[in-house]
Amino acid sequence: MDFSLTLILELALLGLCTGFLAGLLGLGGGMMMVPFLTFILSTRNYPPEHVIKMAVATSLATICFTSLASVRAHHRRGAVRWPIVRVLAPGIVLGSFVGAQLAAAMPARLLGYLFAGFVAFSATQLVLNRKPTPSRTLPGTPGMFGVGNLIGLMSSLVGAGGAFVSVPFMTWCNVVIHQAVATSAALGFPIALAGSIGYLVAGWSLPDMPAGALGYLYWPGFLVLSAASIVTAPLGARVAHSIDVAPLKRVFALVLYALAAYFILR
């Protein structure tokens, strides 16, 4: 197994950058972590049919820790709508687990196209900075279960924490924006945990998984990325309160478009 200093440094740098950007721009680290982790694993000649799935699974596992650090800060400010979390969580858990099984069954090329579409969509949201106009209240329990299924399914397919779906949904349903962001952070944990378990189960019995993999989870990457991203995420959040991040979002959107193009061309 490759435990070289070069690999550790690459993973640590990726974790530091993704954690900082997540705190600075309010984005999940998955859209940066998945493409660069895919590249790192590809350069070490890991099986190409497994590389992107390992990257997505590892990104989700990392979110388990970063979401806990984030929600702790939001909870201290009383911003998390825990009743919403409790109603959405069952559907999210089911959707995340099922999404991992679907991703595992997909050809790697199709999953790459799906991730490229997700990154391009996120970049466009950054450029436009659109916020949905509140127009209704939250649905009942069956409706929330269905929404939770959708959030979990989409998140586990692309290795994200779900904010790209849950925040617009909650603000559309008249949840105040800072509460929607805080509640979405709390939802990141069940998304990441169920999705990670799903990827672990889906890849557990495959005979050709590389060393360092538990199912589709690349555990050396998970350990280094988690430790590094937790360090810089609070720093990014503090910087965000002291500068105008709008120009940075537009620059970062260009980076995301380039990453989407990279996945399509591969």
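Residues numbered from 1 in each chain as written. Predicted model: local features only at pLDDT ≥ 70, side-chain atom pairs only at ≥ 80, totals over all residues. Heavy atoms only, no water.

Novice: So what's going on with helix 7 (residues 163-172)? Which residues, and what values?
Specialist: In an α-helix there are 3.6 residues to a turn, and that puts residues three or four apart on one side. Most of helix 7 is tucked away, with 7 of its 10 residues classed as buried. Taken as a whole, helix 7 has its buried residues at Phe 164, Val 165, Ser 166, Val 167, Phe 169, Met 170 and Thr 171. On its buried face, helix 7 sits against helix 4 (82-105), helix 5 (108-128), helix 6 (141-158) and helix 8 (177-204). Phi for Asn 174, located one or two positions after helix 7, is positive at around 70°. (Buried < 20%, exposed > 50% of the residue type's maximum accessible area, 1.4 Å probe, protein only. Helix = DSSP H or I, 4+ residues; strand = E, 2+ residues; numbered from the N terminus. Contact = heavy atoms within 4.5 Å.)

Novice: Now, about the side chain of Ser 226: what can you tell me, with residues and values included?
Specialist: Along the polypeptide, Ser 226 turns up in helix 9 (residues 219-240). For Ser 226, a relative accessible area of 6% gives the class buried. Beyond its immediate chain neighbours, meaning those up to four positions away, Ser 226 contacts Thr 62, Phe 65 and Gly 221.

Novice: Account for the environment of Arg 136, with residues named and values stated.
Specialist: You can see Arg 136 is positioned in the loop between helix 5 and helix 6. For Arg 136, a relative accessible area of 34% gives the class partly exposed. Sequence-distant contacts of Arg 136, that is, excluding residues within four places in its chain, are made with Trp 172, Cys 173 and Asn 174.

Novice: So, the pattern of salt bridges: which residues are in play, and what are the values?
Specialist: Side-chain pairing between opposite charges can occur once the charged atoms of the two side chains come close. Going through the model one piece at a time under the given rule, you end up with 1 salt bridge. Of the charged contacts in the structure, one is a salt bridge between Arg 44 and Glu 10, with a shortest N-O distance of 3.2 Å. You can see Arg 44 sitting in the loop between helix 2 (30-42) and helix 3 (48-76) and its partner Glu 10 sitting in helix 1 (residues 5-25), a full 34 residues away along the chain. Taking relative accessible area as the criterion, Arg 44 reaches 18% and is therefore assigned buried. (Salt bridge = Lys/Arg side-chain N within 4 Å of Asp/Glu carboxyl O.)

Novice: Describe the nonpolar core, and please don't skip the residues or the numbers.
Specialist: Ranked by size, the top nonpolar core spans 68 residues in total, and within it Met 54, Phe 118, Tyr 199, Tyr 216 and Leu 256 carry the most contacts. Tallying contributions element by element places helix 3 first for this core, with 8 residues. (Core = buried A, V, L, I, M, F, W, Y, C linked by side-chain atoms within 4.5 Å.)

Novice: Outline the packing of aromatic side chains, supporting the account with residue identities and numerical values.
Specialist: For the coordinates displayed, the defined rule picks out 4 aromatic pairs. Pairing Phe 65 with Phe 222 gives two aromatic rings, centres 5.7 Å apart and planes at 45°, and the pair type is tilted. Placement of the pair is Phe 65 in helix 3 and Phe 222 in helix 9, with a sequence separation of 157 residues. A ring pair is formed by Tyr 199 and Tyr 216, whose centres lie 6.4 Å apart and whose planes are at 85°; its orientation type is edge-to-face. Here Tyr 199 is found in helix 8, whereas its partner Tyr 216 is found in the loop between strand 1 (213-214) and strand 2 (217-218), with 17 residues between them in sequence. A single burial state applies to Tyr 199 and to Tyr 216, both of which are buried. (Phe/Tyr/Trp six-rings, centres within 6.5 Å; stacked < 30°, edge-to-face > 60°.)

By themselves, these are just geometric observations and shouldn't be taken as functional.
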